[in-house]
Number of protein chains: 4
Amino acid sequence: MGFAKSYFTDDPSDPVPLIVKTKRRVRFEEVDMLGIVWHGNYVSFLDDGRVALGDRFPAVSYARMQEERMAAPIVQLHIDYQAPLIFGDIMQIETTLHWTDALRLNFSYRITKEDGRPAIKAYTVQLFTDLQGAVLLIPPVWVTEFREQWKSGKLA
Amino acid sequence: MGFAKSYFTDDPSDPVPLIVKTKRRVRFEEVDMLGIVWHGNYVSFLDDGRVALGDRFPAVSYARMQEERMAAPIVQLHIDYQAPLIFGDIMQIETTLHWTDALRLNFSYRITKEDGRPAIKAYTVQLFTDLQGAVLLIPPVWVTEFREQWKSGKLA
Amino acid sequence: MGFAKSYFTDDPSDPVPLIVKTKRRVRFEEVDMLGIVWHGNYVSFLDDGRVALGDRFPAVSYARMQEERMAAPIVQLHIDYQAPLIFGDIMQIETTLHWTDALRLNFSYRITKEDGRPAIKAYTVQLFTDLQGAVLLIPPVWVTEFREQWKSGKLA
Amino acid sequence: MGFAKSYFTDDPSDPVPLIVKTKRRVRFEEVDMLGIVWHGNYVSFLDDGRVALGDRFPAVSYARMQEERMAAPIVQLHIDYQAPLIFGDIMQIETTLHWTDALRLNFSYRITKEDGRPAIKAYTVQLFTDLQGAVLLIPPVWVTEFREQWKSGKLA
């Protein structure tokens, strides 16, 4: 159960991962009685990371999912805590979408403190489903288009 | 990144794991616009599981940590989502504390729906620290005592 | 802006208010860095109170709203904080549904500490709407039935 | 229990209220199964408003409270809900600090949707306490200085 060096293996022949950085301040209500951010609140920070990536690449945004009447539920979540964030910290969230041939979204995350020290690293895996929760087995057109663009190097 | 069969290997020669079950109803505010419990809220359910185990075995309760002026921050969290909980569900949280020779708390969890179907499985790893966050390297007396009792079979 | 003695005036000729009490433990994640429950978390405690009252009087439960494809959104919320709850506290939530001739739900609440000292008092006002959020002007049959039962003294 | 026109009466001879506006996007996890922001989450938005005002006027910021080893707990909270925020909404939070001769902080808030339509209006009242929760009866020097500056018109 040691810390993995890398959660996903990016094959050199794969399209390059998509990376977006965003900043966010720790909120008062996120800090527990020990003076550190409660561990469950980091799940929200990962969401902030995905939202920032969705702003940059709208094909993987919540808004697009809604439009297409689909969902991308998280099926796996993993967080390695390295150093606690405290009240007043302005964290940097670096979010990476990794290429995969499978019909899923593989995200990894690094959250760092202002001085660059790591706070957490994490990953999530999402599947695509319809609004009733049935997993999609065939990629929808817009996902295929997004992957084509990514492959062609037009996104980076 | 497939689902692990078992997160921790319980050696047959180790003290038997400590297992506690508790029930909890899904709250209205925990359900998202897709009608399922938001994935981040499951972290609270794991906390409920640990609290139930701490009620049964006070040596690993929050109250005891406070008394001893220590903390047991989570350094690793992993959740595999199997089927979504929905509003009105009464979940069962089965929490297991696994024996380890290391100075840490290894918990695994299974949350099931009322009909017994699995909702999630998960694990967390905690270290012991003082209130300034410095990791303890030598087990405090009360932890040693708890482990002795566990070994002797008095807890099961 | 002083503390009101009573939020709703119960006319002696009105049906008696419906009162339900429930208990709940403060959760670790609800406590802030000052060691007291964060003020926003009390809104969840009021929800617990309404759920307990809905368990006793199913006509005003979330489940019934869902069945009837209606909602009862909160249009007014007011909390007077008297003494902070802290970690480990087991609070008692006393929830009162007050009679009103209007098509709304008037709830008041008293949360007390284990020793009986008041923690907060509060009230909420809810309207009835359809699932698109349009306010109902004519009471649905089941609401009328509930009110008839209440008037006839069969609920108390 | 109608909607108050104004929560606090600003006397024309008083120092002008301090007003700060900030924007914030609705988060996915804040939206409930009816597709609208859960009513309890607005308490966080009010906090965002106060933080924005504290950024502009550091004398009333959390950071300053921490430095001075004091707290300003909320003793009264009131929200009037006018129209629900939904996922994707970018709200504007207008926060006003009203002058008062008493040793308290009187805030009012207006949250509006992007098209200017009102979502909620609200107010909070805070007292000053030491870290043990004892209410301050005599204003600390830095609060007096802040009030002097405010009176002299140097803040507006």
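Residues numbered from 1 in each chain as written. Chains lettered and ligands numbered in written order. Predicted model: local features only at pLDDT ≥ 70, side-chain atom pairs only at ≥ 80, totals over all residues.

(A) Here's a closer look at the overall build of chain A. Across its full length, chain A carries 3 helices and 7 strands. With respect to the three principal axes, the spread of C-alpha positions in chain A is 50 × 35 × 30 Å. Out of the 156 residues belonging to chain A, those deemed buried represent 35%. Restricting the contact set of chain A to residue pairs at least 6 apart, pairs at least 24 apart contribute 69%. (Helix = DSSP H or I, 4+ residues; strand = E, 2+ residues; numbered from the N terminus. Buried ≥ 20, exposed ≤ 12 C-beta atoms within 10 Å, placed from the backbone. Contact = placed C-beta atoms within 7 Å.)

(B) Main features of unusual backbone geometry. We note that Arg69 of chain B has phi near 55°; this positive angle belongs to a residue other than glycine. By the element assignment, Arg69 of chain B lies in the loop between α2 (62-67) and β2 (70-71).

(C) Region of interest: the interface of chain B and chain C. Between chain B and chain C, the residue contacts involve 7 residues of the former and 7 residues of the latter. Listing elements by their share of the side of chain B that touches chain C, those giving two or more residues are α1 (42-56) and α2 of chain B. Across the side of chain B that touches chain C, the residue classes tally to 3 nonpolar, 2 polar and 2 charged. (Nonpolar A, V, L, I, M, F, W, Y, C, P; charged D, E, K, R; others polar.)

(D) Main features of the interface of chain D and chain C. At the interface, 20 residues of chain D touch 19 residues of chain C. Of all the secondary structure elements, the ones that give two or more residues to the side of chain D that touches chain C are α1 (42-56) and β3 (74-81) of chain D. By residue number, the principal contributor to the side of chain D that touches chain C is β3 of chain D, which donates 8 residues. Grouping the amino acids of the side of chain D that touches chain C by side-chain chemistry returns 13 nonpolar, 6 polar and 1 charged. Inspection of the sheet shows strand β3 (residues 74-81) of chain C paired to β3 of chain D by 5 bridges, in the antiparallel sense. What sits directly across from Ile79 of chain C, in β3 of chain D, is Leu77 of chain D. (Pairing = 2+ DSSP bridges.)

(E) Structural context of the pairing of strand β4 (residues 90-98) of chain B. Residue and element names in this part refer to chain B. In terms of strand pairing, strand β1 (residues 18-25) meets β4 through 8 bridges, oriented antiparallel. Bridging across to β4, Val20 finds its partner in Thr95. Joining the antiparallel neighbours β4 and strand β5 (residues 104-112) is a turn of 5 residues.

(F) Representation of α1 of chain B. Compared with the 21 Å implied by 1.5 Å per residue over 15 residues, the 22 Å span of α1 of chain B between its first and last C-alpha is a close match. Along α1 of chain B, the positions that sit buried rather than exposed are Tyr42, Val43, Phe45, Leu46, Asp47, Gly49, Arg50, Val51 and Leu53 of chain B. On its buried face, α1 of chain B is in contact with α1 (42-56) of chain A together with β1, β3 (74-81), β4, β5 and β6 (118-127) of chain B. (Expected span 1.5 Å × (residues − 1).)

(G) Representation of the sheet that holds strand β6 (residues 118-127) of chain D within the structure. Here we have 10 strands laid out as an open sheet, ordered β1(C)-β4(C)-β5(C)-β6(C)-β3(C)-β3(D)-β6(D)-β5(D)-β4(D)-β1(D), and antiparallel in their pairing. Looking along the sheet, the strands with just one partner apiece sit at the ends: β1 (18-25) of chain C together with β1 (18-25) of chain D. Pairs of neighbouring strands in the sheet enclose a mean axial angle of 15°, with direction left out of account. (Axes fitted to C-alpha atoms, helices over the stretch in contact; angles between N-to-C directions.)

(H) A look at the sheet that holds β6 of chain B. What the 10 strands build is an open sheet, ordered β1(A)-β4(A)-β5(A)-β6(A)-β3(A)-β3(B)-β6(B)-β5(B)-β4(B)-β1(B); its pairing is antiparallel. Single-partner strands in this sheet number two, and they are β1 (18-25) of chain A together with β1 of chain B. Across this sheet, the average inter-strand angle for adjacent strands is 15°, counted without regard to direction. Where β4 of chain B meets β5 of chain B, 7 bridges bridge the pair, whose relative direction is antiparallel. Of the residues in β5 of chain B, the one forming a bridge with Thr95 of chain B is Tyr109 of chain B.

(I) Structural context of the relation of the copies chain D and chain C. The two copies are related by a screw motion: chain D maps onto chain C through a turn of 180° and a shift of 0.0 Å along the axis, at an RMSD of 0.0 Å. Here the symmetry operator amounts to a two-fold rotation axis. Considering only C-alpha atoms, the part of chain D nearest the rotation axis is His78 of chain D, at 2.2 Å. Most of the interface of chain D is mirrored in chain C, where 95% of its interface residues again form contacts. (Least-squares fit on C-alpha atoms with pLDDT ≥ 70 in both.)

(J) The relation of the copies chain B and chain C, seen in detail. Mapping chain B onto chain C calls for a rotation angle of 180° and an axial translation of 0.0 Å; the resulting RMSD is 0.0 Å. Both copies present the same face, since 100% of the interface residues in chain B are matched by interface residues at the equivalent positions in chain C.

(K) Main features of the confidence of the model for chain A. Scored by pLDDT, chain A comes out at a mean of 93, with 96% of its residues at no less than 70. Overall fold confidence (pTM) sits at 0.95, and the ipTM for the predicted complex is 0.95. (pLDDT = per-residue confidence, 0-100.)

(L) Focus on the environment of Asp10 of chain B. Relative to the elements of secondary structure, Asp10 of chain B occurs in the segment before β1. Judged by the 16 C-beta atoms lying within 10 Å of it, Asp10 of chain B falls in the partly exposed class.

(M) Local environment of the environment of Val16 of chain D. In this fold, Val16 of chain D is placed in the segment before β1. Separated by 83 residues in sequence, Val16 of chain D and Trp99 of chain D place their C-alpha atoms 7.3 Å apart.

(N) Structural view of the pairing of strand β6 (residues 118-127) of chain A. All names here are of chain A. A large share of β6 lies buried, amounting to 8 of its 10 residues. Bridge analysis of strand β3 (residues 74-81) against β6 gives 7 bridges, and the strand direction is antiparallel. Its bridge partner being in β6, Gln76 is matched across the sheet by Val125. Judged from the 9 bridges that link them, strand β5 (residues 104-112) and β6 form a sheet pairing that is antiparallel. Within β6, the position partnered with Asn106 by the bridge is Val125. Between β5 and β6, which follow one another and run antiparallel, lie 5 residues, and Gly116 among them has a positive phi close to 95°.

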